[in-house]
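Observations on chain architecture
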Amino acid sequence: MTLESWNRSTGRYVLCQAAEEHSEDCKRFPFERIPKRVFLDTNVINILMKYCETIFDHASIPQEVDATLAVDIEALMHVFYVGARADWDILGSRKTLDELSRTRDSSLPGELLEYAFALVNQNLDDDDHRYAADFGRKLIEAPFVAALPDKADRELIGNAIGFGCDVFCTCDRATIVKKRDQLRQVPLRILTPAEWWAHVKPWVALWR
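Rules used throughout
- Residues numbered from 1 in each chain as written.
- Predicted model: local features only at pLDDT ≥ 70, side-chain atom pairs only at ≥ 80, totals over all residues.
- Heavy atoms only, no water.
- Helix = DSSP H or I, 4+ residues; strand = E, 2+ residues; numbered from the N terminus.
- Buried < 20%, exposed > 50% of the residue type's maximum accessible area, 1.4 Å probe, protein only.
- Axes fitted to C-alpha atoms, helices over the stretch in contact; angles between N-to-C directions.
- Parallel < 35°, antiparallel > 145°, perpendicular 65-115°, else oblique.
- Contact = heavy atoms within 4.5 Å.
- Nonpolar A, V, L, I, M, F, W, Y, C, P; charged D, E, K, R; others polar.
- Expected span 1.5 Å × (residues − 1).
- Polar contact = N/O pair within 3.5 Å; in protein donor to acceptor, adjacent residues only side chain to side chain.
- Pairing = 2+ DSSP bridges.
- Core = buried A, V, L, I, M, F, W, Y, C linked by side-chain atoms within 4.5 Å.

1. With respect to the overall build of the protein chain
Looking only at helices and strands, one finds ten helices and six strands in the protein chain. Classification of the 208 residues of the protein chain by burial places 47% in the buried group.

Set out below in structure tokens:
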């Protein structure tokens, strides 16, 4: 399953949208709602590194990848391709570093930690990190995130809020995405990579 198709002659992705469909997408996803400061859940960073050749070099998605993961991989490919020209902030936290250091895939930790280290330190100083870390720890017991069973998820969302992010991007559909209707008091949006791309897609021409 793919979101777009690659045009070899032009070297660009074709959005495959009729004019009516594009107009409808612009109404559903207005420009002012494009995520501007996005916090990446640990599972998203794992995907970035495990499928880096697809996301950053546009290699084919391995056939054994299931359909949902394939959509997220392709969405991240498009978002990062456009994001290279756009003025967006993409962040992680030092809590993310802790989680990545415990990854089960022994072939990836070094690369993951190197990427995550760069991610969590871009344009941020120690005060930013301390504030986000403190906010994350305090949020763990907050009643408005009690629907999330995993305290680490609560803490990461707290980190994102502490950094002033407007979106928390996750691939965890079974827990976080499934529970987001119970997280209406959280002052940011929870989106999957595919949903993130859906917000960007109608406006891609602005960064071509």
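Back to the text.
2. A short note on the packing of helix H2 (residues 42-50) against helix H4 (residues 67-83)
Between H2 and H4, the shortest axis-to-axis distance is 11 Å and the interhelical angle comes to 80°. Compared by their axis directions, H2 and H4 come out roughly perpendicular. On the side of H2, the interface is formed by Val-44, Ile-47 and Leu-48, while H4 contributes Leu-69, Ile-73, Leu-76 and Phe-80. Its residues placed into classes, the contact of H2 with H4 shows seven nonpolar, no polar and no charged.

3. As for helix H7 (residues 126-139)
With 14 residues, H7 should cover 20 Å at 1.5 Å per step; its first-to-last C-alpha distance of 20 Å lies within 8% of that length. Its side-chain oxygen placed 3.1 Å from the backbone nitrogen of Asp-127, Asp-125 serves as the N-cap of H7.

4. Focus: the sheet that holds strand S4 (residues 89-91)
As a general point, the strands of a sheet are linked pairwise by backbone hydrogen bonds and lie either parallel or antiparallel. On the basis of which strands lie adjacent, the open sheet formed by four strands has the order S4-S3-S5-S6 and parallel pairing. Each having just a single partner strand, S4 and strand S6 (189-191) make up the two edges of the open sheet. Here the average twist between neighbouring strands, direction ignored, is 25°. Alignment of strand S5 (residues 167-169) against S6, held across three bridges, turns out to be parallel. Its bridge partner lying in S6, Val-167 is registered against Arg-189.

5. Looking at the nonpolar core
Counting 34 residues, the largest nonpolar core has Leu-40, Leu-76, Trp-88, Trp-196 and Val-200 as its most contacted members. Looking at this core, the elements with two or more residues in it are strand S3 (37-40), H2, H4, helix H5 (94-101), helix H6 (109-121), S5 and helix H10 (193-200). The element that contributes the greatest number of residues to this core is H4, accounting for seven residues. If we ignore the near neighbours within four places in the chain, the residues touching Trp-196 are Pro-35, Val-38, Leu-40, Leu-76, Val-79, Ile-90, Cys-169 and Leu-191. Ranked by size, the runner-up nonpolar core spans 21 residues in total, among them Phe-39, Leu-91, Leu-156 and Ile-161.

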